[in-house]
Amino acid sequence: MLLTFEGIDGSGKSTQARLLVERLEAEGAAPLLLREPGGTVLSERVRALLLERHDLHIAPLAELLLFSAARAQLVAERIRPALAQGRIVVCDRFYDSTTAYQGAGRRLEDPAWLRDFNRRVTGGLVPHRTYLLDLDPEAALHRRSDRRGGARSAPQDDRMEAAGLDFHRRVAAAYRALALEEPARFLRLDGTRPADALHAEIWQDVERLRARNPGIP
Ligand code: ADP
Ligand code: TYD
């Protein structure tokens, strides 16, 4: 079973992915936790190209293809084999990030083309559930600036975090639209709620999914 977490930077995805994996492990399961871009040697190298702040100019289409190259490798090398072994795969971001960040954020908007392209990149693999941590970009910015002692932007921001508030507003709106388009796959959660309350709701949902689909790896 493939479960993915989506949302803007700082919305609480990694926290929830970690809590879910710890809970599954405590139950004796052997889940696989992955983050995108990353998870393979190639994908980590691509991650460094994409996120480090360097002098390279990356055109929007090149950015789309690099994120997608990292994903194609991750699917082939880690996700498919783990699913074939019956493991639960928890992925911090997946192709919805490309739809939101490159499609809406970078305005590479041709929804039909992007949908088809994403499907090809993953070989048709669709998450069984996608948890959208919905948070306003302003609130996420506050969380990040709390961590850095009040500054709104900082040299440690990665290349995407440095893209600005309007960019992140478009990304957040795109995520909400995706959740409305695919209500059977998405569970939209209010990211302002406390982490333990969000975890409890996610856990309840995972238990329901597992009960409903006992045969799904
Ligand atoms: P993401 O992976 O989406 O970037 P993180 O899980 O790293 O987000 O969380 C970003 C920051 O917000 C961290 O400092 C984290 O401790 C904090 N945080 C996470 N979840 C919550 C929550 N539900 N409420 C308040 N703060 C949170
Ligand atoms: P990361 O630090 O892993 O995420 P977060 O800040 O949410 O904890 O950074 C990943 C960045 O890459 C994030 O800004 C979103 C961006 N991204 C895309 O633009 N497109 C994609 O397809 C993916 C997977 C990520």
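Notes on the structure follow. (Residues numbered from 1 in each chain as written. Chains lettered and ligands numbered in written order. Predicted model: local features only at pLDDT ≥ 70, side-chain atom pairs only at ≥ 80, totals over all residues. Heavy atoms only, no water.)

**A look at the overall build of the chain**
Within the chain one finds eight helices and five strands. The linear arrangement of helices and strands in the chain, starting from the amino end, is β-α-β-α-α-β-α-α-β-α-α-β-α. Taking 2.2 N^0.38 as the reference for a compact globule, 217 residues should give roughly 17 Å; the C-alpha atoms of the chain span a radius of gyration of 17 Å, in line with that estimate. With the C-alpha coordinates of the chain rotated into their principal frame, the extents come out at 45 × 35 × 30 Å. In the chain, buried positions account for 47% of the 217 residues. In the chain, of all internal contacts separated by at least 6 residues, the share reaching a separation of at least 24 is 80%. Accessible surface, the chain: about 10,500 Å² in total, of which carbon and sulfur atoms supply 53%. In the chain, which carries 33 positive and 31 negative side-chain charges, the distance between the mean positions of the two groups comes to 1 Å. (Helix = DSSP H or I, 4+ residues; strand = E, 2+ residues; numbered from the N terminus. Rg over C-alpha atoms; globule rule 2.2 N^0.38 Å. Buried < 20%, exposed > 50% of the residue type's maximum accessible area, 1.4 Å probe, protein only. Contact = heavy atoms within 4.5 Å. Areas by Shrake-Rupley, 256 points an atom, 1.4 Å probe, with all protein chains shown as cover. Lys, Arg positive; Asp, Glu negative; His and termini not counted. Charge placed at Lys NZ, Arg CZ, Asp CG, Glu CD.)

**Let's talk about the site of ligand 1**
With respect to spatial proximity, 15 residues lie near ligand 1, and among them Gly10, Lys13, Ser14, Thr15 and Arg193 are the closest. Gly10 places a main-chain nitrogen or oxygen 2.8 Å from an oxygen atom of ligand 1. Ser14 is positioned with one of its side-chain polar atoms (N or O) 2.3 Å from an oxygen atom of ligand 1. When ligand 1 is considered free in solution it has 560 Å² of accessible area, and contact with the protein chains removes 69% of it. Among the elements of the structure, helix 1 (13-26), helix 6 (137-147) and helix 8 (195-212) are those that each provide at least two residues to the shell around ligand 1. Here the element with the most residues in the shell around ligand 1 is helix 1; it accounts for three residues. (Near = heavy atom within 4 Å. Polar contact = N/O pair within 3.5 Å; in protein donor to acceptor, adjacent residues only side chain to side chain.)

**A few points about the sheet that holds strand 1 (residues 2-6)**
Pairing is parallel across the open sheet formed by five strands, whose spatial order is 2-3-1-4-5. The open sheet is flanked by strand 2 (32-35) and strand 5 (186-190), the only strands paired with a single partner. With direction set aside, neighbouring strand axes in the sheet form an average angle of 20°. For strand 2 and strand 3 (residues 89-92), the ladder comprises four bridges, and the chain directions are parallel. When the sheet's bridge partners are listed, Leu32 is paired in strand 3 with Val89. (Pairing = 2+ DSSP bridges. Axes fitted to C-alpha atoms, helices over the stretch in contact; angles between N-to-C directions.)

**Considering the pattern of salt bridges**
Here the structure, examined in full by the defined rule, presents 19 salt bridges. Asp116 serves as the salt-bridge partner of Arg119, at 2.7 Å between the closest nitrogen and oxygen. You can see Arg119 and its partner Asp116 sitting in helix 5 (residues 111-121), three residues apart, about one turn around the helix. When its relative accessible area of 48% is taken as the criterion, Arg119 is described as partly exposed. Notably, a salt bridge pairs Glu182 with Arg185, separated by 3.0 Å at the nearest N-O pair. Among the residues examined, Glu182 registers a relative accessible area of 30% and is labelled partly exposed. By relative accessible area, Arg185 is classed as buried at 5%. (Salt bridge = Lys/Arg side-chain N within 4 Å of Asp/Glu carboxyl O.)

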